[in-house]
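# Structural description and commentary
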Amino acid sequence: MKIFGDYYEYIFLSANRSDREILQHHISILSHNNMMKTLLTTVDGALLVLNENREVVAFNKSFMEGLDFSNEESILGARPGEVLGCEFSNIMPFGCGTSEMCKSCNAAIAIASTFAEKIPKSVKCSIKTKDNQNNSDTLFLRISTCFFEIDSEIFILLFLQDITRQENWASLENVFFHDFSNILTALFGTISLIGKKIEKGIEIDNKIYTQLHKTGVRLLKEFEIQKALSMNKTEFYSLFTYSFAVEELFSELETIFSAENPIVQSKKLNICKENLNCQINSDYNLILRILINMLKNAFEESNENDEVKLWLETKEDYVVFNVWNNSNIPQEIFGRIFQKNFSTKDAYGRGLGTYSMKFFGEKILKGRVDFSSSEESGTIFSFKLPIL
């Protein structure tokens, strides 16, 4: 960033700040306006008022109470991301709205659009926060904006609704009901097969018992996966490791992502046949969950008749699972890909898949989950797993 007198070169939104005199003038205008005083005391929910430099010049009691702020002086003159503790608000010297990461912030985009177009906006925004002890969390907000003028000065109303709990539950329900349904269907199918063999007096071989045990373990581990995600704590998941061939893992993924899967449709999964005999001693169910999320993400971002590729690289002390698709990820959202509840789609319950890849792949399996993306090469998500 370069500074030229009172003007700044910035990456996204203006870096200009109001001097103390102008800031106090804006605060005075609003505090003496009867309509604004009524609005601030009657609105049910958190409300901020921003000036054209996106600085807080008024707020209501619900904002202080609902988001647990106690220092009023630290709020006035600050920008929304700075008040909320967004970890990206201090990347650049001039604060919230001025960094590369702010280009993908729905709140910043809505605020800028409202000032420019003078029409209301309503968006969802995922904010990764850090407190004074450097503990991180994710705040999910429904943000609505409204433009207005008082005494020839322009402002916007910023309504904030904390929807973190609803979003987390919606995300878990989307995964929970779908995955448990699939596992229970497989369990019921195996039990039905055993019943038919018993009726006909046919001896039940060990493969069926093995499959029944495997499905039962899957059901138990899936419950632990959902609990660990909902609590955001690794201690709720206990590793269940054993040695298995990659061929078994890839074969199950091929079945899951067959043409009958609605997410696949006219697309195709291409599995590289190299290294399928590689033996891995790790948690089969957790690796399966990570790869399902990788493949699901790849199919969702692919177009009709596109191909999604899955392959394994083997090294001396680790293996790398790779999933490729032909689409590219916009560079401005690179830093948010693994952010909890961040999604380019507006529906409830989105944005948990990539977050869970990182959560389980790195915090529990001690591997490395990453991605690369460009218009020329498409997108590759990779999971580097140490060999035990």
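Look up a bit, the structure's there.
In short, a report on the structure.

### Looking at the pairing of strand S12 (residues 318-325)
- Of all 8 residues that make up S12, 7 are buried, and the element is covered over most of its length.
- Looking at chain direction, strand S11 (residues 307-314) and S12 are connected through 6 bridges and run antiparallel. Residue pairing in the sheet places Leu 310 in a bridge with Val 323 of S12.
- The antiparallel pairing of S11 with S12 creates a hairpin that spans 3 residues between the two strands.

### What about the sheet that holds S11?
- Sheet architecture is open: 5 strands sit in the order S9-S11-S12-S14-S13, paired in mixed fashion. The open sheet has two free edges, formed respectively by strand S9 (268-271) and strand S13 (368-374), since each of these has just one partner strand. Strand-to-strand twist of the sheet, defined as the mean angle between neighbouring strand axes without regard to direction, takes the value 15°.
- Note: S9 against S11, 4 bridges, orientation parallel. Each bridged residue has a counterpart across the sheet, and for Ile 271 the counterpart in S11 is Leu 310.
- Most of the contacts of helix H9 (residues 284-300) go to strand S14 (residues 378-386), to which it runs at about 175°, and overall it touches S9, S11, S12, S13 and S14.
- Docked against the sheet, helix H10 (residues 353-364) engages S13 and S14, running at close to 140° with respect to S13.

### With respect to the packing of H9 against H10
- Remark: H9 packs on H10, axes separated minimally by 9 Å, with the N-to-C direction vectors making an angle of 150°. In this view, H9 runs roughly antiparallel relative to H10, as classed from their interaxial angle. Crossing of H9 against H10: the hand is left-handed. Contact with H9, carried on its side by Leu 286, Ile 290, Asn 293, Met 294 and Asn 297, involves Gly 353, Thr 354, Ser 356, Met 357, Phe 360, Gly 361 and Ile 364 of H10 and no other residues of that element.

### Topic: H10
- Given a rise of 1.5 Å per residue, 12 residues ought to cover 16 Å, and the 16 Å separating the end C-alpha atoms of H10 matches this to within 8%.
- Within H10 the residues assigned to the buried category are Thr 354, Tyr 355, Ser 356, Met 357, Lys 358, Phe 359, Phe 360, Gly 361, Glu 362 and Ile 364.
- Note on H10: the residue one or two positions beyond its end, Lys 366, has a positive phi of about 60°.

### Some words on the pattern of salt bridges
- Counted according to the given criterion, the structure contains 8 salt bridges.
- The closest approach of N and O atoms between Lys 103 and Glu 100, which form a salt bridge, is 3.5 Å.
- Residue classification places Lys 103 among the partly exposed positions, given a relative accessible area of 32%.
- The partner of Glu 117 in a salt bridge is Lys 121, with the nearest N and O atoms 3.0 Å apart.
- Taking the relative accessible area as the measure of exposure, Glu 117 reaches 44% and is therefore partly exposed.
- The structure contains a network of salt bridges with shared partners spanning Lys 358, Glu 362, Arg 368 and Asp 370.

### Here we look at empty space enclosed by the protein
- This model, assessed by the stated rule, comprises 3 cavities of 30 Å³ or more.
- Of the pockets and cavities examined, the largest cavity occupies roughly 190 Å³.
- Around the largest cavity sit 21 residues that line it, and Gly 81, Cys 96, Cys 105, Ala 107 and Ala 108 are the ones nearest its centre.
- Classifying every residue of the lining of the largest cavity by side-chain character gives 16 nonpolar, 3 polar and 2 charged.
- Of the volumes computed, that of the second largest cavity is approximately 50 Å³.
- Lining the second largest cavity are Arg 218, Lys 221, Glu 222, Ile 225, Asn 285, Leu 288, Arg 289 and Ile 292.

### Some points on unusual backbone geometry
- If you check the backbone angles, Arg 54 has positive phi at about 65° while not being a glycine.
- Considering the arrangement of structural elements, one finds Arg 54 in the loop between strand S3 (46-51) and strand S4 (56-59).
- Take Arg 54: its relative accessible area is 7%, and that puts it in the buried class.
- Within the chain, Asp 151 stands out as a residue other than glycine whose phi angle is a positive 50°.
- Tracing the chain through its elements places Asp 151 in the loop between strand S6 (136-150) and strand S7 (153-162).

### Describing the nonpolar core
- Residues Leu 249, Phe 250, Leu 253 and Phe 321 are the most contacted members of the largest nonpolar core, which totals 50 residues.
- Sorting elements by how many residues they give to this core places H9 first, with 11 residues.
- Discounting chain neighbours no more than four positions away, the residues touching Phe 250 are Ile 271, Leu 276, Leu 291, Leu 310, Trp 311, Leu 312 and Phe 321.

Conventions and cut-offs
Residues numbered from 1 in each chain as written. Predicted model: local features only at pLDDT ≥ 70, side-chain atom pairs only at ≥ 80, totals over all residues. Heavy atoms only, no water. Buried < 20%, exposed > 50% of the residue type's maximum accessible area, 1.4 Å probe, protein only. Helix = DSSP H or I, 4+ residues; strand = E, 2+ residues; numbered from the N terminus. Pairing = 2+ DSSP bridges. Axes fitted to C-alpha atoms, helices over the stretch in contact; angles between N-to-C directions. Contact = heavy atoms within 4.5 Å. Parallel < 35°, antiparallel > 145°, perpendicular 65-115°, else oblique. Left-handed = near helix turned anticlockwise from the far one by under 90°. Expected span 1.5 Å × (residues − 1). Salt bridge = Lys/Arg side-chain N within 4 Å of Asp/Glu carboxyl O. 1 Å grid on protein atoms, 1.4 Å probe; cavity = no way out; pocket = protein on both sides within 12 Å on 5 of 7 lines; lining within 4 Å. Points joined across faces, edges and corners; volume = space filled by probe spheres on them. Nonpolar A, V, L, I, M, F, W, Y, C, P; charged D, E, K, R; others polar. Core = buried A, V, L, I, M, F, W, Y, C linked by side-chain atoms within 4.5 Å.

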